[in-house]
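Chain by chain, the residues run as shown.
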Amino acid sequence: QKMLTCASKNVLNTNVFSSKGGLITRSRRGLYVEANKKVRKTQQVILQRDIPKLGKKGEMLDVVNGYYRNFLQPQGYAQPVTQDILNKMEEDRLAEERRTAEVKAKATAMATALSTIGKFIIKKQAGPEGKIYGSVSVSEIAGAIEKQTGRQLDKDLFNLPEIKEVGTFDVSIKLHPEVTGFFKVVVQK
C-alpha cells in the first residue's frame, strides 16, 4: 500500500487503515483518502463442458469471480487457466488435427478408388422396353461397391438419381465434408 508523504515538516501525519482496506491520512490541513489498487473482478477460465449461453467445452472465457466461485467451480464446469492446462489444450488440438487429416486421407483414397474403378454393374430383370422391375436401391449399389473394394459405405451418403430403366447413371457419394467421390452405375438385363 502506498503511504502519503508530506512536503512540510510542520504537518503532523496520522495514518489509519479503514475497514475496507483504504488508507486514510489525517493532517492539520485536512483529511485525504487514498483508494486501494483496482481489484481484478474477472477471471480467465476454461470450460470443461458446453454451457448454454456461455460457451462450448475447451473455450477460454473471462467470467466474474463470483460466478466462477459460486457456480462454475463447484459444479465442475470450469477450471482457472494455467500454463499446464494451456499446454494440454494445445496437445489435444494437434491430436484432433491429426485425426481429421487421417480421416480426410482415407476418404480421398476411397474417392480415388471409386473413380479408378469407374463403373459398377448391377443386373436387374427388365421388360422389353428397357424398364426394370422396381428400381435400383442404394443398398444394391453399396453392396456392389463392397464386393469390389471390400469397404462398407454408409447408405445415407449416396446421392443417386431415380434408376428405373437399363442404362448408365452418374452417382456421387459424400465421403467427407471436403471429399466427394464420383462413379457410374451400369444397369443391365
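Residues numbered from 1 in each chain as written. Predicted model: local features only at pLDDT ≥ 70, side-chain atom pairs only at ≥ 80, totals over all residues. Heavy atoms only, no water.

A. Summary view of the nonpolar core. The biggest cluster of nonpolar side chains holds 23 residues, and the ones touching the most others in it are Leu114, Ile141, Ile145, Phe158, Leu175 and Phe183. Of all the elements in the fold, those that place two or more residues in this core are helix H2 (83–117), strand S7 (119–123), helix H3 (138–149), strand S9 (167–176) and strand S10 (179–188). If we ignore the near neighbours within four places in the chain, the residues touching Phe183 are Leu114, Gly118, Phe120, Ile141, Ile145, Phe158, Phe169, Asp170, Val171 and Ile173. Ranked by size, the runner-up nonpolar core spans eight residues in total, among them Val45, Ile51, Leu61 and Ala78. (Core = buried A, V, L, I, M, F, W, Y, C linked by side-chain atoms within 4.5 Å. Buried < 20%, exposed > 50% of the residue type's maximum accessible area, 1.4 Å probe, protein only. Helix = DSSP H or I, 4+ residues; strand = E, 2+ residues; numbered from the N terminus. Contact = heavy atoms within 4.5 Å.)

B. Representation of the packing of H2 against H3. The interhelical angle for the contact between H2 and H3, taken along N-to-C directions, is 95°, at an axis separation of 12 Å. Classed by the angle they form, the pair H2 and H3 counts as roughly perpendicular. Contacts between H2 and H3 involve Met110, Leu114 and Ile117 on the former and, on the latter, Ile145, Gln148 and Thr149. Among the residues forming the contact of H2 with H3, the class breakdown is four nonpolar, two polar and no charged. (Axes fitted to C-alpha atoms, helices over the stretch in contact; angles between N-to-C directions. Parallel < 35°, antiparallel > 145°, perpendicular 65-115°, else oblique. Nonpolar A, V, L, I, M, F, W, Y, C, P; charged D, E, K, R; others polar.)

C. Highlighting the side chain of Lys124. Along the chain, Lys124 falls in the loop between S7 and H3. A residue is classified by how much of its surface remains accessible, and Lys124, at 17% relative accessible area, is buried. A polar contact of 2.9 Å, which involves the side chain of Lys124, links it to the side chain of Glu140. The contact partners of Lys124, leaving out residues within four places of it in the chain, are Ile132, Tyr133, Ser135, Val136, Glu140, Val187, Gln188 and Lys189. (Polar contact = N/O pair within 3.5 Å; in protein donor to acceptor, adjacent residues only side chain to side chain.)

D. Representation of a nonpolar patch on the surface within the structure. A cluster of nonpolar side chains, namely Val64, Tyr67 and Phe71, defines an oily patch on the protein surface of about 250 Å² accessible area. Note on placement: Tyr67 falls in helix H1 (residues 65–75). A relative accessible area of 33% places Tyr67 in the partly exposed class. (Patch = residues over 30% accessible without salt bridge, like charges linked within 9 Å, V, L, I, M, F, W, Y side chains within 5 Å. Areas by Shrake-Rupley, 256 points an atom, 1.4 Å probe, with all protein chains shown as cover. Salt bridge = Lys/Arg side-chain N within 4 Å of Asp/Glu carboxyl O.)

E. View of the pattern of salt bridges. Across all of its chains, the model carries nine salt bridges by this definition. The residue Glu96 makes a salt bridge to Arg99 at a minimum N-O spacing of 2.8 Å. On the criterion of helical spacing, the pair formed by Glu96 and Arg99 is a turn pair, its members being three residues apart in helix H2. For Glu96, a relative accessible area of 39% translates into the label partly exposed. Of the charged contacts in the structure, one is a salt bridge between Glu162 and Lys164, with a shortest N-O distance of 3.5 Å.

F. Broad picture of the sheet that holds strand S6 (residues 78–80). Spatially, three strands are ordered S5-S4-S6 in an open sheet, and the strand pairing comes out antiparallel. Whereas interior strands pair on both sides, the edge strands pair on one side only; in this sheet they are strand S5 (60–64) and S6. Recorded for the sheet is a direction-independent mean angle of 50° between the axes of neighbouring strands. Note: strand S4 (residues 42–47) against S5, five bridges, orientation antiparallel. Bridging across to S5, Thr42 finds its partner in Val64. (Pairing = 2+ DSSP bridges.)

G. View of the sheet that holds S10. Read from one edge of the open sheet, four strands run S7-S10-S9-S8, paired in mixed fashion. Among the strands making up the open sheet, the edge pair consists of S7 and strand S8 (158–159). One ladder, built from nine bridges, connects S9 with S10; its direction is antiparallel. What sits directly across from Thr168, in S10, is Val186. Seen against the sheet, H3 touches S7, S8 and S10 and runs at an angle of roughly 120° to S7.

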